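Inside the fold
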Amino acid sequence: MVVALEQARKGWGNTHPNPMVGAVIVEQDQVVATGYHKAAGKDHAEVDALRNLGRQPASDAVLYVTLEPCCTHGRTPPCTEAILDAGIRQVYIGTSDPNPKVAGQGIQQLREAGVEVHSGKLLEKQCRDLNLIYNHWISNSLSPLLAGKVATTLDGFTATRDKQSKWITSEQARQDVMRWRRLFPAIAVGAGTVLADDPSLTARHYEEETWSPIRFVFDSLLRSWSASKTLYSDSFSHRTILVTTETAPSELVLQVEKAGIQYWKLPSQEGRPCLQAFRDKCQESQINGVLFEGGTELLSSLLNQGQLDYLFAYRAPKILGDPSAQPVFQGRQISTLDEAIQLIDIHHDSLGDDQLIRGHIHNP
């Protein structure tokens, strides 16, 4: 199952809206073939492994797969049929598929055909976590996973009083951010972040080729339009979408249109684009996950309006001790700890001297 997970991760960021899945065929306790799902519409992992085997599996062949095999006709035939046609009689499944069209039915179909199925007994948590975007999307009526990324000091600040934030975390932690950027189909920032940093918002992970997700800029008044030298003019400018409101100056909207930059004009909520309308628009556009990387106002709005589903919290062993420094979240007034927003299904990672705590948002 470890090998199957390694195979699945080869599809990192390329399978949306499908999940990442890896498969391994074992004969006489030896791995004889592996496979993974490369992209939507391509062979599923089980079929890929069987093709790579290039022959009929031996009578003692065992299949290990990270996600429950599908049992319905989609762009590809059911994997359960492929498994049965291959004569495999024993299957280990990492975790069940939350898709209601599958959800245990793939397992049942195999068992009814006489296959010995073991589910949820090997690395279930890792197999489930692998597809956190897909799991949320399919379990919430195709609503996208809206995740936040923050980098703070030990005392919870994201920048100094002069808004200096480069760099709170180490190179290792920043490379991990690039890895998650590569997973999410879209990234979002506020106009203030663009004005302060002119970011590229691309994924640049070690030796891999630079890749660009969809890049959302929340900008009610289009303040960033003439300021950024990157997002609206680089080779990925067609991947940039301005998220604005009806209050955006008409002359700037016209400039954006002439430049061929996409924009979403959403209803206004407290002077900013309505976050629920944004979620709905993403759902309509089949964007199943957005990683919000700042700034404080945008992330705080998401959190306070109950629109933040997941959080990646990077923490560096640094202390500012300055009450005028920039906090990571603001705008809430609570009297007891029972009112605190908590993370659940927590994952901890050490990245050199830094830490990453990530999990789902649970509102009290």
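1. Some details on the pairing of strand E8 (residues 186–190)
- Of all five residues in E8, five are buried, a share of seventy percent or more.
- Every second residue of E8 is oriented toward a common face, with Ala 186, Ala 188 and Gly 190 on one face and Ile 187 and Val 189 on the other, all of them buried.
- With three bridges joining them, E8 and strand E14 (residues 289–292) adopt parallel strand pairing. Bridge pairing links Ile 187 to Leu 291 in E14.

2. Digging into the side chain of His 136
- Looking at the secondary structure, you find His 136 in helix H6 (residues 132–139).
- When near neighbours in sequence (up to four residues on either side) are disregarded, His 136 contacts Ser 143, Pro 144, Leu 145, Arg 279 and Asp 309.

3. A word on the sheet that holds strand E9 (residues 214–218)
- Pairing within the open sheet is mixed, and its nine strands lie in the order E11-E10-E9-E8-E14-E6-E15-E18-E17. At either margin of the open sheet sits one strand with a lone partner, and together these are strand E11 (262–266) and strand E17 (342–351). The average undirected angle you get between the axes of adjacent strands in this sheet is 20°.
- H6 contacts strand E6 (145–152), E14, strand E15 (310–315) and strand E18 (354–362) of the sheet and is inclined by roughly 140° relative to E6.

4. Examining helix H9 (residues 250–258)
- Those residues of H9 that fall on the buried side of the exposure criterion are Leu 252, Val 253 and Val 256. Mapping the buried residues of H9 onto a view down its axis gives an arc of 105°, with all of them on the same face. Opposite the buried face of H9, by more than 90 degrees, sit the exposed residues Ser 250 and Lys 258.
- Contact partners of the buried residues in H9: strand E10 (240–245) and E11.

5. Some words on the nonpolar core
- Judged by nonpolar contacts, the single largest core of 44 residues is most densely connected at Trp 180, Phe 184, Leu 222, Trp 225, Leu 242, Phe 312 and Tyr 314.
- Discounting residues that sit within four places of it in the chain, Phe 312 has contacts with Ala 147, Gly 148, Lys 149, Val 150, Trp 180, Phe 184, Leu 291, Leu 356, Ile 357 and Arg 358.
- Counting residues in hydrophobic clusters, the runner-up holds 28 residues, among them Ala 188, Leu 266, Leu 298 and Ala 313.

6. Concerning the packing of aromatic side chains
- Taken as a whole and assessed by the stated rule, the structure comprises 13 aromatic pairs.
- Centre to centre, the rings of Phe 184 and Phe 312 are 6.1 Å apart; their planes meet at 80°, and the pair counts as edge-to-face. Remark: Phe 312 occurs in strand E15 and Phe 184 occurs in the loop between helix H7 (171–183) and E8; sequence separation between them is 128 residues. In this structure, Phe 184 and Phe 312 share a single accessibility class: buried.
- Seen from their ring centres, Phe 216 and Trp 264 are 4.9 Å apart, and the 55° between their planes marks the pair as tilted. Here Trp 264 lies in strand E11 and Phe 216 lies in strand E9, a separation of 48 residues in the sequence. Note on accessibility: Phe 216 and Trp 264 belong to one class, buried.
- The aromatic ring of Trp 180 is capped on one face by Arg 179, whose charged end is 4.7 Å from the ring centroid.
- Here the basic side chain of Lys 281 rests over the ring of Trp 264, its NZ or CZ set 5.5 Å away from the ring centre.

7. A word on the sheet that holds strand E5 (residues 116–119)
- Strand order in the open sheet formed by five strands is E2-E1-E3-E4-E5, and the pairing between neighbours is mixed. Two strands close off the open sheet at either side, each with one partner strand: strand E2 (30–36) and E5. Averaged over all neighbouring strand pairs, the angle between strand axes comes to 15°, with direction disregarded.
- Bridging between strand E1 (residues 22–27) and E2 involves six bridges; their strand directions are antiparallel. For Glu 27, the partnering residue across the bridge sits in E2 and is Gln 30.
- Contacts from helix H2 (residues 45–53) reach E1, E2 and strand E3 (62–67) within the one sheet, and its direction differs from that of E2 by about 130°.

Conventions we followed
Residues numbered from 1 in each chain as written. Predicted model: local features only at pLDDT ≥ 70, side-chain atom pairs only at ≥ 80, totals over all residues. Heavy atoms only, no water. Buried < 20%, exposed > 50% of the residue type's maximum accessible area, 1.4 Å probe, protein only. Helix = DSSP H or I, 4+ residues; strand = E, 2+ residues; numbered from the N terminus. Pairing = 2+ DSSP bridges. Contact = heavy atoms within 4.5 Å. Axes fitted to C-alpha atoms, helices over the stretch in contact; angles between N-to-C directions. Arc of directions from axis to C-beta. Core = buried A, V, L, I, M, F, W, Y, C linked by side-chain atoms within 4.5 Å. Phe/Tyr/Trp six-rings, centres within 6.5 Å; stacked < 30°, edge-to-face > 60°. Lys NZ or Arg CZ within 6 Å of the ring centre and 35° of its normal.

Any functional reading would require information that these geometric values do not contain.
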